[in-house]
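Now for the letters of each chain:
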Amino acid sequence: TMETADSLRAARDTSYTYIGFAENAERVVYAADTIQYLAKRHDLVLKNKSKVDYRGKTLLGDNITYSADLELLDATGSPVLIEGMDKLYGDRMDYDLDVGTGLVQQGTTQFMDGFYDGRRIAKVGDNILKVWDSKYTTCDLKVPHYHFTSNRMKVYLDDKVVSGPIVLYIGE
């Protein structure tokens, strides 16, 4: 005899595994003097003394806009990105939460013994910065005794800086 299967009965699908929300939820904490949610665009707008905490990073700024659809943060008004002991300052910051990359306009940061300034600073990985129209020094004075400048600089944190051509300035 030939066995036949009931074609209307679905085989048990084992490709889906239930994962509870609490197990995978990520906590985003935000605060500001004024908070607006723009429902049609799925944007969260934080105004005046804004702060976002996410995945161990803190973003501070006068105004921060979070686009939920694009997973992008845009901060203006002297924003500061804090990751552990590192702080990145700028005039404006855009940060992609999904891939962990960002772009800073008129950025400054200190790493180890060095101070980096740039017209634009891009965070392109956990340990890599690209800096355009850059300045580097280890002098901690507001007007440093010396500094190096370069059109482009790539900083491998905890390792090296690749740049060229560079110019050394001594004094003002």
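Within any chain, residue numbers begin from 1 and follow the written order of that chain's sequence. Local features in this predicted model are restricted to residues of pLDDT 70 or higher, and side-chain atom pairs are both shown and tallied only at a pLDDT of 80 or more, whereas totals for entire chains, interfaces and linings draw on every residue. By convention in this description, side-chain values take in all heavy atoms of the structure and omit both hydrogens and water.

### Here's the deal with the overall build of the protein
The helix and strand labels rest on DSSP assignments: H or I over at least four residues marks a helix, E over at least two residues marks a strand, and numbering proceeds from the N terminus. Counting secondary structure elements, the protein contains 1 helix and 14 strands. When the 172 residues of the protein are sorted by exposure, 27% land in the buried category. Across the protein, every contact between residues at least 6 apart in sequence was considered, and the portion connecting residues at least 24 apart equals 22%. Note on areas: these come from Shrake-Rupley sampling with a 1.4 Å probe, and a residue is covered only by the protein chains present in the view. Accessible area of the protein: about 12,200 Å², with a carbon and sulfur share of 52%. Three labels apply to residues, based on accessible area from a 1.4 Å probe with only protein chains included: buried if under 20% of the type maximum, exposed if over 50%, partly exposed otherwise in between. Should any heavy atoms of two residues lie within 4.5 Å, those residues are considered in contact.

### As for the environment of Met-85
If you trace the backbone, Met-85 turns up in the loop between strand E6 (80-83) and strand E7 (86-89). Residue classification places Met-85 among the exposed residues on the basis of a relative accessible area of 80%.

### Some remarks on the packing of aromatic side chains
Aromatic ring pairs are described here by two measures, namely the spacing of the ring centres and the angle between the planes. In this scheme Phe, Tyr and Trp rings, the latter by its six-membered ring, pair at centre separations within 6.5 Å, and the angle between planes marks the pair as stacked below 30 degrees, edge-to-face above 60, and tilted otherwise. Evaluated as defined, the whole model comprises 2 aromatic pairs. For the pair Tyr-116 and Tyr-136, a centre-to-centre distance of 4.9 Å together with 45 degrees between the ring planes defines the contact as tilted. Here Tyr-116, found in strand E10 (residues 114-125), pairs with Tyr-136, found in strand E11 (residues 128-137); they are 20 residues apart in sequence, far enough to count as distant. The class of Tyr-116 is buried, set by a relative accessible area of 6%.

### Details of the pattern of salt bridges
The working definition used for a salt bridge is a side-chain nitrogen of Lys or Arg within 4 Å of a carboxyl oxygen of Asp or Glu. Evaluated as defined, the whole model comprises 7 salt bridges. Residue Arg-41 is joined to Asp-43 by a salt bridge in which the shortest nitrogen-to-oxygen separation is 3.1 Å. Looking at Arg-41, the relative accessible area reads 53%, which means it is exposed. Accessibility expressed as a relative area gives 8% for Asp-43, which makes it buried. Salt bridges sharing common partners tie together Asp-74, Arg-92 and Asp-94.

### Re the nonpolar core
A general trend in soluble globular proteins is that nonpolar side chains are found buried together. Side-chain atoms within 4.5 Å are what join buried Ala, Val, Leu, Ile, Met, Phe, Trp, Tyr and Cys residues into a set we call a nonpolar core. Counting residues in hydrophobic clusters, the biggest one holds 22 residues, and the most contacted among them are Leu-59, Ile-64, Leu-73, Met-93 and Val-155. Listing elements by their share of this core, those giving two or more residues are strand E3 (43-54), strand E4 (57-67), strand E5 (72-76), strand E8 (92-96), strand E9 (101-111), E10, E11 and strand E12 (146-156). Broken down by element, the residue count for this core peaks at 4 residues, all from E3.

### Topic: unusual backbone geometry
Cis geometry is adopted by the peptide bond preceding Pro-165, which originates at Gly-164 and carries an omega value of -20 degrees. Here Pro-165 lies in the loop between strand E13 (160-163) and strand E14 (166-170). For His-42, which is not glycine, the phi torsion reads 60 degrees and is therefore positive. Its location among the elements puts His-42 in the loop between strand E2 (34-38) and E3. Note on His-42: relative accessible area 32%, which makes it partly exposed. Its identity is not glycine, yet Asp-133 carries a phi of approximately 50 degrees, on the positive side. Looking at the element boundaries, Asp-133 is found in strand E11. Given a relative accessible area of 38%, Asp-133 falls into the partly exposed group.

### Here we look at the side chain of Ser-150
Here Ser-150 is to be found in strand E12. Judged by relative accessible area, which is 6%, Ser-150 ranks as buried. Any N or O atom pair separated by 3.5 Å or less is treated as a polar contact, with the protein-specific requirement of one donor-capable and one acceptor-capable atom, and with residues adjacent in sequence counted only for side-chain atom pairs. Within the local environment of Ser-150, its side chain forms a polar contact with the backbone oxygen of Arg-152, the two atoms lying 2.7 Å apart. The residues contacting Ser-150, other than those within four sequence positions of it, are Asp-133, Ser-134, Ser-163, Gly-164, Pro-165 and Ile-166.

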